[in-house]
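# Coordinate analysis (summary)
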Amino acid sequence: MNAADYGWLVLLTPLIGLAFNIAVGPSVSRRVVAWVASLSILAGFVLSLLAFIDLLSRDDSQRALVSTGWHWLSAGSFQVDASILVDPLSTVMLLVITGIGFLIHAYSVGYMHGDTEEKRFFAYLNLFVFSMLLLVLAGNFVFLLAGWGLVGLSSYLLIGFWWQRPSAVAAAKKAFVMNAIGDVGMTLGIFVIWNHLHTVDYTTAFALAPGSIGSGSSTANWIALLLLVGAVAKSAQLPLQTWLPDAMEGPTPVSALIHAATMVTAGVYLVARMWPFYSLAPDVADLVAIIGVATLTIAGLIALVQTDIKRVIAYSTMSQIGYMFCGVGIGAYSAGMFHLVTHAFFKALLFLGAGVVIHALHDEQDMRKMGGMGRYLPYTTGLMWIGALSLVGVPPFSGFFSKDQILSDALARGDWVGYTVWGLGLAGAFVTALYTFRLMLLVFHGEPSEYAREQSEAHAGHGEGPSTMLWTIGVLAVGATFAGFLEIPQVTHGMRNFLEPTIPSTIEATGNQDLGTSALAVSLALIGLFCAHVLWGRRSRTTRRIAEATAPLERVLQEKFGFDRLYDWAFYRPASALARGGARLWEQRAVVGSMDAVSNAGSWTSRLLSTAQSGLVRVYALAIAVGIAALAAWFMTGAS
Amino acid sequence: MSPGIGSWITLSSALFCIGLVGVMLRRNPIVILLSLEIMLNAGNLLLVAGSRYVGGNDGHVLALTVMGVAAAEVVVGLGLVVALARRGAPLDVDELRSLHG
Amino acid sequence: MQIVVFYVAGALAIGSALAVVVQRNPFLAALSLILHLASLAALYLVLQGDFVAVAQLLVYAGAVMIMFLFVIAYLGDRADLDLRRGGLGAGAAFIAGLAIFIESVIAVSDSNSSFHAPAVVADSFGSPATIGKLFLTDHLLAFEAISLVLLVGAIAGVVLGAGELLPSRSRAEPAEREPKGERYDLRREFLRREEEAEQESEVGT
């Protein structure tokens, strides 16, 4: 069994869970369904590990395995096989998806306990894992697109899971529509690829690309740009980022799995996978980095004024993915992927820990009603601090290593893009520290609010939450702590070496650059901690004065820089006006009207004809006479 | 000296058309029957004239047959009129339109 | 001579026909028809149709018109309602009648008829003997058929005129009648009869 075979099996495992859910689910208990779903993902993780080990046992040149299942579509010269590509990049993603996926499934057993629709939840979760696996394992563009779309569908289903809430349904629709924009972009990109290279298979396309498409040519730029549209939509970067905060309407495990660890990182995966095209379109690669930088700044600033705990973490995710986009945009692919891995750990940890708090406070998500949870949830608080420190980038936690890797690689790149990324990335680190410590201080420290006090004292003695919730975040915390050691600068190069054969990184920072960047970043983080303490730790006159001074800025941030309003005016209103007008004019008049006209014509004709049946004998006689006259005239005029 | 068959045909058709107009215009069923008689007699006239000009008495035979049929038809028609009158229905063909579709 | 009679009788026939059609009073219309029939008999005489002329006078002007007069007498005032309504129908009727007349005139004038003079006929042309012989030999079917038609006409006269002598359903009590508006439904009738049979058997011997 080689890695490719394991790949097919991994793809199969969530389907087994789903099939069980659909076929046997209605007749078994919710608990059984939940555990079967989770264990199927665990099986997938084990198989991914086996694939990983198999890949390690091969030497570098043998690490890209393509396995073709069957010939899927044959239409003239358009040939598509059902093929998967198992190589270091997809194996890394496999491990992340199935590993974090399993942990989140197990967490959900506890979190969703008591929800009447639990089985549906696990069905959707399994569907999502399958879609994501299909996305990363796909060996050709068509299956990539299939996985892409399915992931969007699963996200829609899961965001709108509590469909009785109109806000959840609206958020689900928003996410789906914006992802659809990305899908369109990506499909167009695939069209251009097909048009020029006449293949949709990865290996063939990547081999042909440098020859057929000139570097910097408009074709290369178009391909890279259109694929970027898809990545931007899926990863919630500017300008298609507005759906991610609203997606927090879904249950917390969903936010952790889809909107932190896996789905939103699909964009980063895409850019890394398509590196041959991006290396041929350096301007677009620069654009990737610029988008990343813009997003990380804006998202970080908006996170400063959010009051919903999940939204803070959501904006944080947006910001961190901005870092990853910077990484893959400047050509530091292994740094970007490394940050993806560590981010999956600590962001999932943060979300799930927030879930513990929300669960303890009976689904209350407003941070202003929290406070002082540290004394009621000590275990969770400790783990959340691990996550927070990792996010901010404090050694020895993993975020430190991965984020600073990106920043020092940016410095090593040297041109205006590199310096912009380096500068704004460091500023972003400061902002990250600010909002993260704000979160921690507001939720876990200080005086508990009335509500928090009541709820927690009502629960006292029951433990912090269901046991599955607690051990899963423990495992994540371990990962968040130690995953960084994969890539200690100048010491270990686990990630880089693993990825190098298939995804070569173009930049390597020197030791001094690493040290200097890290020093700056850590000091900025500590300054941020101090500022956060000043602003939100103790309520004093200074804080109030500062708050008043920054009130207009705060309003701008609370409007999320006006993106939602802009999109509402620019797109939603014209579209809905068009739809309403269309419904009134076209559908009402033309479509329904034409059918009415057909039926009216029928009845009008029959009414017309029925006037001949007047019942008047005289009229009948007249008709006969007229007929005779007409016939006689016809015969007399020589007609045959 | 007799007029050609054309005159007879003309006379006959004139009478026929007068009867036809009478059938189409009058509302009293009895007068309609009278107009119908005019039409039948016009036909009889043509038959007799034809047999005179062509030779042979077959036209006379047919004319007598038509006369008998006309008599029977008048019996039926007048019977209908009497039955209608007995039931109090208005003697107006414009009112008798239960076959109206 | 014949032409004179033709024209006079012809004019009389047309005039009296017009009178029938135009006349408001049905009694006067019937009288005009009698005049019409008489003028037609004169025309038949011109055509040497002796028997037909006499039969016309006896049968038509005698029997049929008497029938008409009896009925008109019976009806009395009720026969007198005739309001003429003009309009589109009247115009169309006139035009249709006129059109047919004109067409026949055209047809006549266009044809090169070889019948400009009557055929040479024997003296027995139109005599009862000749016609009787034809009825009983060549046209026997017509003879029999006409007698049958007259029989049917007689029966019809009796039935239509004396309808009350026959047992009529409408004499039944209202309760016994089928309720109004319900059509006779074979299936329903069958079920009803079944029910009745059941009830009878249930009630007992």
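Since the structure is predicted, the reported quantities are computational estimates derived from the model, not experimental observations.

With that settled, the discussion passes to the packing of aromatic side chains. Following the criterion strictly, the structure yields 25 aromatic pairs over all chains and no others. Arranged with centres 5.8 Å apart and planes meeting at 20°, the rings of Tyr 107 of chain A and Tyr 111 of chain A form a pair that is stacked. Of the two residues, Tyr 107 of chain A and Tyr 111 of chain A are both situated in helix 3 (residues 88-111); the distance of 4 residues between them amounts to about one turn of the helix. Both residues of the pair, Tyr 107 of chain A and Tyr 111 of chain A, belong to the buried class. Ring centres of Tyr 567 of chain A and Phe 571 of chain A lie 5.9 Å apart, and the angle between their planes is 50°; this geometry places the pair in the tilted category. Of the two residues, Tyr 567 of chain A and Phe 571 of chain A are both situated in helix 25 (residues 563-610); the distance of 4 residues between them amounts to about one turn of the helix. Residue Phe 571 of chain A is classed as exposed on the basis of its relative accessible area, which comes to 55%. Of the aromatic side chains, those joined through ring pairs into one cluster are Phe 121, Phe 122, Tyr 124, Phe 161 and Trp 162 of chain A. Geometry around Phe 125 of chain C places Arg 52 of chain B over its ring, the cationic atom sitting 5.8 Å from the centre.

The next thing to look at is a negative patch on the surface. Where like charges cluster on the molecular surface, the negative patch consists of Glu 194, Glu 195, Glu 198 and Glu 202 of chain C. The class for Glu 198 of chain C is partly exposed, based on a relative accessible area of 47%.

Another aspect to go through is the pattern of salt bridges. Should the charged atoms of two oppositely charged side chains come close, the side chains can pair. All names here are of chain A. Applying the stated criterion to the full structure yields 15 salt bridges over all chains. For Glu 249, the salt bridge is made with Arg 311, and the minimal N-O distance between the two is 3.9 Å. Of this pair, Glu 249 sits in the loop between helix 9 (243-246) and helix 10 (252-261) while Arg 311 sits in helix 14 (residues 309-330), and the two are 62 residues apart along the sequence. Of the two residues examined, Glu 249 and Arg 311, each falls in the buried class. In this structure, Asp 308 and Arg 311 form a salt bridge, with 3.9 Å as the shortest nitrogen-oxygen distance. When salt bridges with common partners are traced through the structure, they connect Arg 165, Lys 174, Asp 246, Glu 249, Asp 308, Arg 311 and Asp 564 into a single cluster.

This part is about the interface of chain A and chain C. Between chain A and chain C, the residue contacts involve 8 residues of the former and 9 residues of the latter. At the boundary of chain A with chain C, total buried surface from both sides reaches about 600 Å², with 79% on carbon and sulfur atoms. Together, Leu 622, Ala 629 and Met 636 of chain A form the three largest contributors to the area buried by chain A at its contact with chain C, with a combined 65%. Summed over the shared surface of chain A and chain C, the result is 0 salt bridges. Taken together, chain A and chain C are joined by 0 residue pairs in polar contact (both at pLDDT 80 or more).

We now examine the interface of chain C and chain B. Counting from both sides, the interface comprises 83 residues of chain C and, opposite them, 69 residues of chain B. Carbon and sulfur atoms make up 76% of the surface buried where chain C meets chain B, a total of about 6700 Å² over both sides. Seen at the junction of chain C and chain B, the total is 0 salt bridges. Remark: the boundary between chain C and chain B carries 8 residue pairs in polar contact (both at pLDDT 80 or more). Of all the elements in the fold, those that place two or more residues in the side of chain C that touches chain B are helix 1 (2-22), helix 2 (26-46), helix 3 (50-75), helix 4 (88-110), helix 5 (128-136) and helix 6 (140-161) of chain C. Looking at the side of chain C that touches chain B, the element that brings in the most residues is helix 3 of chain C, giving 13 residues. Of the residues assigned to the side of chain C that touches chain B, the class counts are 58 nonpolar, 19 polar and 6 charged.

Take the environment of Gly 327 of chain A next. All names here are of chain A. For Gly 327, the position within the fold is in helix 14. For Gly 327, a relative accessible area of 0% corresponds to the buried category. A C-alpha to C-alpha distance of 8.6 Å links Gly 327 and His 339, two positions 12 residues apart in sequence.

Moving on to the nonpolar core. Phe 128, Phe 141, Leu 144, Trp 243, Met 274, Phe 277 and Tyr 278 of chain A are the most contacted members of the largest nonpolar core, which totals 184 residues. Counting residues in hydrophobic clusters, the runner-up holds 57 residues, among them Trp 8, Leu 34 and Ala 42 of chain B together with Leu 43 of chain C.

This paragraph deals with the packing of helix 3 of chain A against helix 20 (residues 467-482) of chain A. Any two packed helices are characterised by how steeply their axes cross, that is the angle between the axes, and by the distance between the axes. Residue and element names in this part refer to chain A. Where helix 3 meets helix 20, the closest approach of the two axes is 7 Å, and the angle between their N-to-C directions is 155°. Classed by the angle they form, the pair helix 3 and helix 20 counts as roughly antiparallel. The interaxial crossing formed by helix 3 with helix 20 has left-handed handedness. Residue-level contacts link Ile 100, Phe 102, Leu 103, Ala 106, Tyr 107, Val 109, Gly 110 and Tyr 111 of helix 3 to Thr 468, Met 469, Trp 471, Thr 472, Ile 473, Val 475 and Leu 476 of helix 20. A breakdown of the residues in the contact of helix 3 with helix 20 according to their chemical character gives 12 nonpolar, 3 polar and no charged.

Conventions we followed
- Residues numbered from 1 in each chain as written.
- Chains lettered and ligands numbered in written order.
- Predicted model: local features only at pLDDT ≥ 70, side-chain atom pairs only at ≥ 80, totals over all residues.
- Heavy atoms only, no water.
- Phe/Tyr/Trp six-rings, centres within 6.5 Å; stacked < 30°, edge-to-face > 60°.
- Helix = DSSP H or I, 4+ residues; strand = E, 2+ residues; numbered from the N terminus.
- Buried < 20%, exposed > 50% of the residue type's maximum accessible area, 1.4 Å probe, protein only.
- Lys NZ or Arg CZ within 6 Å of the ring centre and 35° of its normal.
- Patch = residues over 30% accessible without salt bridge, like charges linked within 9 Å, V, L, I, M, F, W, Y side chains within 5 Å.
- Areas by Shrake-Rupley, 256 points an atom, 1.4 Å probe, with all protein chains shown as cover.
- Salt bridge = Lys/Arg side-chain N within 4 Å of Asp/Glu carboxyl O.
- Lys, Arg positive; Asp, Glu negative; His and termini not counted.
- Charge placed at Lys NZ, Arg CZ, Asp CG, Glu CD.
- Contact = heavy atoms within 4.5 Å.
- Buried area = accessible area lost by both parts, 1.4 Å probe.
- Polar contact = N/O pair within 3.5 Å; in protein donor to acceptor, adjacent residues only side chain to side chain.
- Nonpolar A, V, L, I, M, F, W, Y, C, P; charged D, E, K, R; others polar.
- Core = buried A, V, L, I, M, F, W, Y, C linked by side-chain atoms within 4.5 Å.
- Axes fitted to C-alpha atoms, helices over the stretch in contact; angles between N-to-C directions.
- Parallel < 35°, antiparallel > 145°, perpendicular 65-115°, else oblique.
- Left-handed = near helix turned anticlockwise from the far one by under 90°.

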